Amino acid sequence: MPVAGEGRAAVTFEQMKIFLEAAHYGSFTHAAEQLGITQSAVSVCIKKLEEKHDVALFDRTGRRLVLTEAGQVLLSEAERILRDVELTIVRIESRRPVDSFAIVACTGHAYDHWMPEMAAAGGEDFPGIRLLRTQADDVPALVMRGSADAGITSVMPSHPQFRLTRLFADTLVVCASPALARRLPADTGWRELAEHAPLLWEQSDLTPTITAGLTAQRLDPARLLDPKLRLTSSLAVVSAVKGGRHLAILPERAVSAHLEAGRLARVGNLAIPLPYWMFALRERDMDALAAQIARRAG
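If you're wondering where the values come from, they're calculated on a predicted model, not measured in any experiment.

Considerations on the pattern of salt bridges
Inference 1: Evaluation of the coordinates by the stated rule reveals 7 salt bridges.
Inference 2: Across the pair Glu77 and Arg80 runs a salt bridge whose closest N-O atoms are separated by 2.7 Å. Residue Glu77 and its partner Arg80 are located together in helix α4 (residues 69–93), separated by 3 residues, close to a single helical turn.
Inference 3: A residue is classified by how much of its surface remains accessible, and Arg80, at 36% relative accessible area, is partly exposed.
Inference 4: A salt bridge links Arg284 to Asp149, with the shortest nitrogen-to-oxygen separation between them at 2.7 Å. Here Arg284, found in the loop between β9 (265–281) and α14 (287–297), pairs with Asp149, found in the loop between α7 (138–145) and β5 (150–153); they are 135 residues apart in sequence, far enough to count as distant.

As structure tokens, then:
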């Protein structure tokens, strides 16, 4: 379905979804795996977009895909358009019978690495839920409007109309390729990180927690972060770290399989707590759902 007029200006929802996956993961191969299509299908889709609009969306000169200025514009607009479409669907579904299922708005990391596993496990004692992946700033707005029954985020909302429950906790750890980690002292501390800048971390809902954690250690996040390689998913950061040049701050749950398999290694015992909260409007009873999720996460 065209979304931007007819003829030369048309871009379909499917093209936007494919482009977004390629942009988020910095790889046509990873995008194809995520979408369940072939790598060549992703490559052809992006090539057609670029040829149709006579513009390069990715810089392909390095080992990783890097968005061009035009690609950054399309990324921002495509995210907004697809988010608006999904929110419209959510608003329609919010008119459902009250007890049929709960709509839970999640920030990216909670959606990608925590909640689907719990929802898929199901069970007669687990309430039905529909998960919605959205940006951190949008989660409270969805709950406040009633478009979502509850929100899950690592950024604690402060609005007095919300009732909060601590749900589960992850840990942000410093990782490197095994070869790079072996060259670092076993007792590498926060102060030594500055000597190994630039670092990588996911530019997402995790950013405020990472920034606060670094600031608490009297480090300047702006001086540590790689100014050129700004990636928007943990998978993309992991892929970059495997290149062997960067240290990265990553959620432990997202990299546990890589650490266990020896594809990545932890640096020192550096860690930043990453708690997650469920919140809902005070008049909405979400205690049973929160208790079930917390029990499964534990």
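More follows now that the structure is in view.
Focus on the confidence of the model for the chain
Inference 1: Scored by pLDDT, the chain has a mean of 86; 91% of the residues are at 70 or more.
Inference 2: Across the chain, strand β8 (residues 248–251) holds the top mean pLDDT of 96, while α4 sits lowest at 80.
Inference 3: For the stretch residues 1–8, pLDDT sits under 50, and the model shows 16 contacts to residues farther than four places along the chain or on other chains.

Some remarks on unusual backbone geometry
Glycine aside, negative phi is the norm for most residues, and most peptide bonds take the trans geometry.
Inference 1: Ala197 connects to Pro198 through a cis peptide bond whose omega is 5 degrees.
Inference 2: Residue position: Pro198 is located in the loop between α9 (190–193) and β7 (200–201).

A few points about the packing of helix α1 (residues 13–25) against helix α3 (residues 39–53)
Inference 1: Two elements in contact, α1 and α3, have axes whose closest approach is 10 Å; the angle formed by their N-to-C orientations is 110 degrees. The orientation of α1 relative to α3 falls into the category roughly perpendicular. Here Gln15, Ile18, Phe19 and Ala22 of α1 come into contact with α3, specifically with Val42, Cys45, Ile46 and Leu49.
Inference 2: A breakdown of the residues in the contact of α1 with α3 according to their chemical character gives 7 nonpolar, 1 polar and no charged.

Thoughts on the side chain of Asp226
Inference 1: Among the secondary structure elements, Asp226 is positioned in the loop between α11 (221–224) and α12 (234–241).
Inference 2: It is Arg245 that comes nearest to the buried, bridge-free Asp226 among opposite-charge side chains, at 6.7 Å.
Inference 3: A polar contact of 2.8 Å, which involves the side chain of Asp226, links it to the backbone nitrogen of Lys228.
Inference 4: Setting aside chain neighbours within four positions, we find Asp226 in contact with Pro198, Leu199, Leu200 and His246.

Remarks on the sheet that holds β9
Inference 1: Spatially, β4-β3-β5-β9-β6-β8-β7 is the arrangement adopted by the 7 strands of the open sheet, whose pairing is mixed. For this open sheet the edge positions go to β4 (129–133) and β7, each flanked by a neighbour on one side alone.
Inference 2: Pairing of strand β6 (residues 162–176) with β9, which is carried by 13 bridges, proceeds in the antiparallel orientation. Residue Arg166 lies in a different strand from β9, and its bridge partner there is Trp277.
Inference 3: Along the sheet face, α7 touches β3 (102–106), β4, β5, β6 and β9 and points at about 15 degrees away from the line of β9.
Inference 4: Sheet strands touched by helix α13 (residues 252–261): β6, β8 and β9. Its angle to β6, the strand with the most contacts, is close to 35 degrees.

Things to note about the packing of aromatic side chains
Inference 1: Evaluated as defined, the whole model comprises 5 aromatic pairs.
Inference 2: Here the aromatic rings of Phe28 and Phe58 are separated by 5.9 Å at their centres, their planes lie at 85 degrees, and the arrangement is edge-to-face. Here Phe28 is found in helix α2 (residues 28–35), whereas its partner Phe58 is found in strand β1 (residues 58–59), with 30 residues between them in sequence. Taken individually, Phe28 and Phe58 each receive the classification buried, so the pair is uniform in this respect.
Inference 3: When the centroid spacing of 4.8 Å and the interplanar angle of 55 degrees are considered together, the rings of Phe162 and Phe279 count as tilted. Residue Phe162 is located in strand β6, and its partner Phe279 is located in strand β9; the two are separated by 117 residues in the primary sequence.
Inference 4: Members of the aromatic cluster, each reached through a chain of ring pairs, are Phe19, Phe28 and Phe58.

Re the pairing of β6
Inference 1: Examined bridge by bridge, β6 and β8 share 4 bridges and lie antiparallel to one another. By the bridge assignment for β8, Leu172 is matched with Pro251.

Quick word on the nonpolar core
Inference 1: Counting residues in each nonpolar core, the largest one holds 42 residues, and the members touching the most others are Met115, Ile152, Phe168, Leu247 and Ile293.
Inference 2: Here the element with the most residues in this core is β9; it accounts for 7 residues.
Inference 3: Listed in part, the 21 residues of the second largest apolar core include Leu20, Ala23, Leu75 and Ala78.

Definitions and limits used
- Residues numbered from 1 in each chain as written.
- Predicted model: local features only at pLDDT ≥ 70, side-chain atom pairs only at ≥ 80, totals over all residues.
- Heavy atoms only, no water.
- Salt bridge = Lys/Arg side-chain N within 4 Å of Asp/Glu carboxyl O.
- Helix = DSSP H or I, 4+ residues; strand = E, 2+ residues; numbered from the N terminus.
- Buried < 20%, exposed > 50% of the residue type's maximum accessible area, 1.4 Å probe, protein only.
- pLDDT = per-residue confidence, 0-100.
- Contact = heavy atoms within 4.5 Å.
- Axes fitted to C-alpha atoms, helices over the stretch in contact; angles between N-to-C directions.
- Parallel < 35°, antiparallel > 145°, perpendicular 65-115°, else oblique.
- Nonpolar A, V, L, I, M, F, W, Y, C, P; charged D, E, K, R; others polar.
- Lys, Arg positive; Asp, Glu negative; His and termini not counted.
- Polar contact = N/O pair within 3.5 Å; in protein donor to acceptor, adjacent residues only side chain to side chain.
- Pairing = 2+ DSSP bridges.
- Phe/Tyr/Trp six-rings, centres within 6.5 Å; stacked < 30°, edge-to-face > 60°.
- Core = buried A, V, L, I, M, F, W, Y, C linked by side-chain atoms within 4.5 Å.

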